[in-house]
Structures are given as C-alpha cells and as structure tokens.
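Topology and contacts: notes
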Amino acid sequence: MLRASPRLAVMVFGALLLAIVISLGTGAAPAIGHFGTGLLTGTVWDPQAVRLGALTFLVGTIETTALAMVVVVPIGLGCALFLVGFVRPRLRSMLSTAIELMAGVPSVVYGLWGLQVGAPFVRTILEPALHAALGSTGIAGGPDLGIGLLLGSLVLSMMVLPTMVAVTRDVLAAVPDDRVEGALALGATRWQALTRVALPAARTGVLGAATLAMGRAIGETVAITMVIGNNPAFAHSLFAPADTMTSVIASEFTAATEPFHASALVFIGVLLMLVSVIVNAGARLLVRATLRGSLVRQRVAAS
Amino acid sequence: MEIEVRQVSAWFDDQLVLEDVSFTVPSLSVTALIGPSGSGKSTLLRVINRMHEETRGSRLEGQVLLDGEEIYAPRVDPATLRRSAGMVFQAPNPFPNMTILENASSGLAFNGVRKRSVLEHAAERVLRLVGLWEEIPDRLRRPAVGLSGGQQQRLCIARAIAVEPDVLLMDEPCSALDPISTLAIEALLKELSATYTIIVVTHDLQQAARVSDSTVFLSNNRAGGPGRVIEVSPTVKLFTEPKDARTEAYLTGRLG
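Residues numbered from 1 in each chain as written. Chains lettered and ligands numbered in written order. Predicted model: local features only at pLDDT ≥ 70, side-chain atom pairs only at ≥ 80, totals over all residues. Heavy atoms only, no water.

Structural notes on a nonpolar patch on the surface
Residue and element names in this part refer to chain A. Short version of the rule: Every patch collects residues that have over 30% relative accessible area and no salt bridge, joining them within 9 Å if they carry like charges and within 5 Å if they are nonpolar side chains (Val, Leu, Ile, Met, Phe, Trp, Tyr). Computed with the Shrake-Rupley method and a 1.4 Å probe, the accessible areas treat only the protein chains shown as cover for residues. One speaks of a salt bridge when a side-chain nitrogen belonging to Lys or Arg is within 4 Å of a carboxyl oxygen belonging to Asp or Glu. Each helix is a run of H or I in the DSSP string that is no shorter than four residues. Each strand is a run of E no shorter than two, and both are numbered from the N terminus. Throughout, exposure labels follow a simple rule: accessible area from a 1.4 Å probe, protein chains only, divided by the maximum for the residue type, with under 20% read as buried, over 50% as exposed, and the rest as partly exposed.
On the surface, a cluster of nonpolar side chains totalling about 610 Å² of accessible area is made up of Phe82, Phe86, Leu91, Met94, Leu95 and Trp191. Going through the elements one at a time, α3 (55-86) and α4 (89-104) are the ones with two or more residues in the nonpolar patch. Ranked by residues supplied to the nonpolar patch, first place goes to α4 with three residues. Along the chain, the position of Phe86 falls in helix α3. The class for Phe86 is partly exposed, based on a relative accessible area of 41%.

Structure, rendered in structure tokens:
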C-alpha cells in the first residue's frame with residue numbers, strides 16, 4: 001500500500017519541475033546554439049532578420065516591476081498599518097474581504113480597465129502633468145499614447161497591491177500584542193507603537209510581502225501585454241511603448257514562424273521561470289521566518 | 001501621588017468584570033492587589049492608566065483620580081496620562097528591535113526626545129537604578145532579547161521609570177521569574193517605593209506580605225462573576241486579623 005509520505009510528494013513535484021525545465025531547455029536549445037550568449041545580452045529583436053537578443057525584455061520586466069514596487073510598497077504599507085491599527089474588527093474583515101476579492105479579479109479585466117480608464121487618464125492627465133514638471137524630453141518625453149511603460153507599471157501595481165496589503169497585514173498582526181501595549185503604556189501614540197515597535201519587529205515579513213508582490217508583478221502577463229504597447233525596444237521614457245518577458249511571449253508566440261523565433265521565446269520563458277522561482281522562494285522564506293518567529297515568542301511567553 | 005478609585009465598574013463586551021470598586025491608595029506607598037484568578041485584578045490595574053480602553057469592546061463607568069485629577073475627563077490625553085502612570089507587564093516585553101540602551105530610553109523617544117546624549121544619560125540613570133548598568137556593562141548596545149527573564153523584567157521596570165512617572169502599576173511582575181530574580185525585583189520595589197506610588201498585582205501572598213504597606217483583596221462571589229473589593233487594610237492587619245470571612249478563606253487556601 002502506498003503510504004502518504006512527504007518525501008514522496010516532494011520527489012513527485014521535484015520531478016515534474018525538472019521535467020518542465022528539461023522540456024523548456026530542449027525547446028530553447030536551438031536558439032541558444034545559434035545565438036550563444038548574444039541571446040541573453042543582445043538588444044536587437046528582429047525575427048525577420050533572424051537577430052534575436054532578449055536583454056530588452058529583461059530590462060522591460062525590471063523597469064515595470066521596479067516602477068510598480070515604487071507605487072505598491074508605500075501604499076500597501078500604509079493600507080496594512082491602517083487596517084491593523086485603526087480599524088474596528090468588523091470593518092477590518094469587510095475591507096480584508098474586499099482586498100481578497102481584488103486579488104481574485106481575472107488579469108484580463110485589469111487589462112481592459114487599463115485600456116478603457118487607465119490609458120485616457122495617463123494620456124490626458126498624468127503625461128501633461130509630468131511634461132510640465134520634468135520637461136518634455138528625457139524620462140518624461142516621448143509621445144502621449146497612454147499605453148506604455150508607465151501605464152503598464154500602474155496596472156501591475158493595482159494587481160499586486162492586494163498581495164502586499166494582505167501579507168503585510170498578517171505579519172503585522174502576528175507581532176505579539178504585549179509589545180504594542182508596552183509602547184502604549186509608555187505614552188506612545190498608536191501610530192508610534194505601530195511604526196516604531198510592530199513594524200520593525202515584522203520587518204522581515206514586510207520585506208517578504210514586498211518580494212511576494214514583486215514575484216507576482218514579474219510573472220503577470222495578460223494585463224501587461226494589453227497595456228505595455230508591445231514594442232520590442234528599450235523604453236527611453238516613461239511613456240514609451242515597451243515589452244516585458246511575459247508580454248513578448250504572449251504577443252508573439254502564436255505567430256512565431258521565422259527560424260529560431262519560437263525557440264528564442266522559449267528561452268525567455270526559461271529565464272522568466274528562473275527569476276520567478278528565485279524571487280518567490282525568497283519571499284516565502286522571509287514570510288515564514290517572521291510568522292514562525294512570532295509563534296515561538298508567543299509560546300515562550302505563555303509557558 | 002494619591003490614587004483614588006471611585007465606584008468603578010468595567011466591562012468586556014457584555015460581561016461585567018469589575019463592579020463598584022472603590023478604594024484609595026496613599027502617596028508613596030506599596031499596595032498589593034490580591035484575589036483569585038478572574039477577580040479583575042489586571043483589569044483594575046489597566047483602568048488606572050487607561051490601558052483598559054485599548055482592548056476592543058471594553059467599557060467603563062466610575063472615576064479614577066490621581067492627586068484629585070479625574071483621569072477620564074475629556075481633556076485628558078491617554079498617552080500623556082500613561083507617562084505619569086507607568087506599567088510593568090506580567091511577561092517581560094522588551095522591544096525586540098531595540099538595544100538595551102534604546103529600550104531603557106524608548107519612552108523618552110516616543111515622547112519626542114531626539115538628542116542622543118539626553119537619551120543615553122536617561123538610560124544610564126535608570127539602568128543603574130535597576131542594577132543592570134553594573135551587571136552587564138559590555139552588553140548595553142546589544143539587543144535586549146539576549147537578557148535573562150529577570151534581567152528583561154528589570155529592563156522593563158527601568159523603561160517604565162525613565163519617563164519619570166509618579167505611579168508604577170505592576171501586573172504580577174515576578175510570575176514568570178525564578179526565585180532569585182524575584183528577590184531582586186522585590187528589593188528594587190522596596191527601593192522604588194520612596195519615589196513612586198506603587199500598586200502590584202500578585203498571586204504570591206508571601207510576596208504581598210513582604211513588599212506591601214496595604215492590601216486590597218478583590219473577589220467574585222461566583223466563577224465568572226464580577227470582581228468586587230472585599231477588604232482594604234494595612235497588609236499586616238489583613239494577614240493577621242482579616243475583617244471578612246472571605247478574606248480569611250482566601251488566605252487560608254479555602255477560596256480561589
């Protein structure tokens with residue numbers, strides 16, 4: 001009889017993962033063989049001319065993700081502090097449900113929202129404002145299309161905000177009450193108790209929450225493909241249309257008939273998978289360390 | 001600072017946990033708060049520095065006066081009040097992200113003191129007072145969580161007195177400590193009673209007898225019922241000739 005064994009489960013899933021890596025590797029092999037390291041470091045993406053370098057997309061993913069995190073981290077942190085420190089339990093659970101629903105909205109809906117609402121907003125309000133503030137050349141230069149790097153980042157930030165808020169809320173709530181009360185009893189305000197005691201105590205977990213949100217932003221595909229502008233070139237400004245690793249695969253794979261085109265896209269997939277696995281594993285370790293640490297402390301205090 | 005509790009009743013949601021509690025604590029004395037589990041001792045302590053209201057669903061009636069000033073008056077800011085009525089908790093709760101020095105002066109930092117020299121000077125004063133300055137001179141800039149339980153609790157006392165309160169409220173400060181650490185804290189308590197008005201909740205009757213000038217005995221008539229004041233007397237008198245039969249029953253182990 002087959003007994004439930006954690007080791008067996010780990011082996012099965014490990015084998016599956018390995019199978020995926022091997023099959024993707026096989027798919028990417030022709031392009032790797034033909035282009036060599038140029039496949040990773042090349043900046044020209046021209047399937048007709050059979051010149052394929054993926055660096056543009058790696059940079060595109062880094063740029064959109066970084067911009068999204070700049071928006072998400074402060075807002076998410078603020079929301080989580082507000083939920084944990086200043087909202088009554090009934091309202092907190094209602095708001096938490098709303099946040100979790102936000103996380104469950106299909107990606108394509110965010111993409112549609114980005115095109116219908118986000119693009120006109122960026123084109124008519126945000127871009128003129130940034131032109132006025134930063135000048136119409138340089139990072140705020142370029143055409144007022146609406147779609148592009150900035151809109152892509154904003155849509156990404158909307159999509160990963162629930163993750164950031166929910167996980168930050170949980171790690172903050174896991175800080176033992178007696179630490180917060182200790183601060184209050186010394187004459188700290190609730191805000192001080194949260195930001196100077198609870199937040200530092202949960203900082204590893206907050207970092208984990210941000211990394212987890214980052215992992216989602218890196219892997220997000222449908223919405224970003226709809227609003228990024230699908231232009232396989234470096235974005236020279238915030239408003240320029242660009243491409244990410246995910247968006248180029250999604251938009252080009254079905255039409256990839258030129259030699260090595262499909263294979264190069266598979267290579268980008270391998271790259272994307274590596275980055276995602278590393279970021280997600282790191283995030284999970286951070287969050288788990290924080291939650292477990294708080295449980296141990298509570299148990300010690302109770303004993 | 002004289003503490004007067006007047007007809008205080010306290011609730012958690014719909015449950016009445018303290019009913020019509022009144023007593024007065026004279027300035028610069030140690031008062032022990034004793035009674036069976038669930039008689040509302042901790043709640044009563046938290047009423048005196050307005051920590052009770054930090055618990056969700058809590059409610060309160062009655063008055064508490066510190067030197068004649070009503071602490072529940074609308075113009076009183078709870079954070080300001082808590083600086084004059086410091087609290088030491090049952091389990092040591094130093095701030096895990098701060099060093100020992102930072103913990104000791106954390107109350108001042110919360111109250112807006114920024115200057116490093118002022119903070120460190122204050123930390124030195126209170127750490128000397130609780131005996132940690134001499135005991136661990138080389139570890140003062142390390143995280144507080146590395147200390148033993150007894151040292152952590154003395155650090156928490158140091159932290160509480162750094163903001164120069166008039167009242168110290170201690171909720172079973174020795175219940176998580178070994179006998180040696182307990183004696184150290186009791187000796188410290190005696191010393192502090194020259195400067196502070198102290199109320200200490202304890203389950204240890206011998207400790208109450210050792211450290212306190214007067215004793216308040218709280219009890220509930222039935223399990224889960226609200227706590228009431230049964231007897232307030234000078235400690236020696238309460239322990240040798242209790243006025244109330246329930247006090248005697250508790251002291252001799254027949255109640256609670």
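Here the narrative resumes, following the displayed structure.
A few points about the interface of chain B and chain A
Quick note on the threshold: Pairs of residues are marked as contacts when any of their non-hydrogen atoms sit within 4.5 Å. By definition, the buried area sums, over both parts, the 1.4 Å-probe accessible area that each loses when the two are put together. Under the rule applied, a polar contact is a pair of N or O atoms within 3.5 Å (in protein, one hydrogen donor and one hydrogen acceptor; residues adjacent in sequence only if both atoms are side-chain atoms).
In this complex, chain B contributes 26 residues to the contact, which on the side of chain A involves 23 residues. Taking both sides of the interface into account, the surface hidden between chain B and chain A amounts to around 2000 Å²; carbon and sulfur atoms contribute 56%. Where chain B touches chain A, the interface holds two salt bridges. Here Glu54(B) ties to Arg190(A) by a salt bridge, and the two come within 2.7 Å at their closest N and O atoms. Here chain B is connected to chain A by nine residue pairs in polar contact (both at pLDDT 80 or more). Ranked by residue count, the leading element in the side of chain B that touches chain A is helix α4 (residues 106-110) of chain B, at four residues.

Description of the sheet that holds strand β5 (residues 69-70) of chain B
All names here are of chain B. Filter applied, for reference: A pair of strands is labelled paired if DSSP reports no fewer than 2 bridges between them.
Spatially, the four strands line up as an open sheet ordered β2-β1-β4-β5, and their pairing is antiparallel. In this open sheet, the two strands that pair with only one neighbour each are β2 (15-25) and β5. Of the strand pairs in this sheet, strand β4 (residues 58-66) and β5 are connected by two bridges, and their pairing is antiparallel. In the strand pairing of β5, Leu65 is matched with Glu70.

Some remarks on the packing of helix α7 (residues 177-185) of chain A against helix α8 (residues 190-201) of chain A
Residue and element names in this part refer to chain A. Put simply, the rule is: To get an axis, a line is fitted to the C-alpha atoms, and for a helix only the part in contact is used. The angle between two axes follows their N-to-C directions and goes from 0 to 180 degrees. For this classification, under 35 degrees means roughly parallel, over 145 means roughly antiparallel, 65 to 115 means roughly perpendicular, and everything else is oblique. Take the far helix as the reference: if the near one is turned anticlockwise from it by less than a right angle, the crossing is left-handed, and if turned clockwise, right-handed. Polarity classes work like this: nonpolar for Ala, Val, Leu, Ile, Met, Phe, Trp, Tyr, Cys and Pro, charged for Asp, Glu, Lys and Arg, and polar for all others, with Gly in that last group.
The contact between α7 and α8 brings their axes to 9 Å, and the two run at 130 degrees. Taken together, the axes of α7 and α8 are oblique relative to one another. Relative to α8, α7 is oriented so that their crossing is right-handed. Each of Arg179, Val180, Ala183 and Leu184 in α7 lies in contact with α8, whose residues at this interface are Arg190, Ala193, Val197 and Ala198. Taken together, the residues of the contact of α7 with α8 break down into six nonpolar, no polar and two charged.

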